[in-house]
Amino acid sequence: MFTANGTSLNGKPLVGRLMEFITERGLQPGDRLPSERELAEHLGSGRNALREAIATLTSLRIVEPRPQSGTYLREIRRQSSFEALVTFSRLGWEPTLSELSETIEVRAALERIAIELACTRRDDGDLATLDRILEETERVIDEKGNIAEADSAFHLALVSATHNAILVRVLNAFYELTLDRRRLYFARLQRAKTSHRQHKAIVDAVKARDTARAAKLISEHAAHTW
């Protein structure tokens, strides 16, 4: 049973249930979804909530409504948005190994661009933010905590130093997608300590505006962390 906003009483969002339905039915790209009435009955939802869920999948380019015809499943791997991966990850859907591998590959390339821009555009405020995050990370390590959130904050602050809002928004989605994986990765304290040392070296290179060294350090760092 679902509430008016499309969330089931056990807390599962309707958009997640709709994706489960698509998977369970084995629908393929180009297949037409059942009618709104059939879907609402099957999922136990209100029609308005169902329309909102379909609108969400449409915005993520998972489905395509066609006037006077119905709603059709798109080729998810080729046509859906990257935000779809992030959204489904929030709903508890694990990315495939190939999706994770490709995500890391693209993230590494974007971070190399970001670090070069950060070296030339960073200001005193950016450096102060990075230093503050390094101090916070060290505190978490001293307390034998998990640095995954601090790691995300560090990388986002580094990208923010580019003063390119689009690059910030794009890479933030990557950091959201891999956060759970990095929590597992940083469960081992030695990994956290190694990452922190690498972060400090990266900041030193950015402070010196040493683009070549910063690019080399961020590439090496990306090869060993999520």
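The structure we're discussing is the one just above.
These notes cover the structure that comes with them. Each chain has its residues counted from 1, running along the sequence as written. Restriction of local features to residues with pLDDT of at least 70 applies here, the model being predicted, together with a cutoff of 80 or more for giving and counting side-chain atom pairs; totals for whole chains, interfaces and linings are based on all residues. Note that the side-chain values use all heavy atoms of the structure and ignore hydrogens as well as water.

**Quick look at the side chain of Thr71**
So, point 1. You can see Thr71 is positioned in strand β2 (residues 70–73).
So, point 2. Given a relative accessible area of 15%, Thr71 falls into the buried group. Secondary structure follows DSSP: runs of H or I at least 4 residues long count as helices, runs of E at least 2 residues long count as strands, and numbering of each begins at the N terminus. Burial classes follow relative accessibility: with a 1.4 Å probe on protein chains only, a residue under 20% of its type's maximum area counts as buried, one over 50% as exposed, and anything between as partly exposed.

**Observations concerning helix α1 (residues 14–24)**
So, point 1. Burial runs high along α1: nine of the eleven residues are buried.
So, point 2. Along α1, the positions that sit buried rather than exposed are Leu14, Val15, Gly16, Arg17, Leu18, Met19, Glu20, Phe21 and Ile22.
So, point 3. With its phi angle positive at about 70°, Gly26 sits one or two positions after the end of α1.

**Some details on the pairing of β2**
Residues in a regular strand point their side chains to alternate faces of the sheet.
So, point 1. Whether two strands pair depends on DSSP finding at least two bridges between them. Note: strand β1 (residues 63–66) against β2, four bridges, orientation antiparallel. The residue of β2 that forms the bridge with Val63 is Leu73.
So, point 2. Taking the residues between adjacent antiparallel strands as the criterion, β1 and β2 are bridged by three residues, where Gln68 takes a positive phi near 60°.

**Here we look at the environment of Ile115**
So, point 1. The residue Ile115 is located in helix α6 (residues 97–121) in this model.
So, point 2. Along the primary structure Ile115 and Ser98 are separated by 17 residues, whereas in three dimensions their C-alpha atoms are 26 Å apart.
So, point 3. Only heavy atoms enter the contact rule, under which two residues are in contact if any of them lie within 4.5 Å. Those residues in contact with Ile115 that sit more than four places away from it in its chain are Leu158, Ile202, Val206, Ala214, Ala215 and Ile218.

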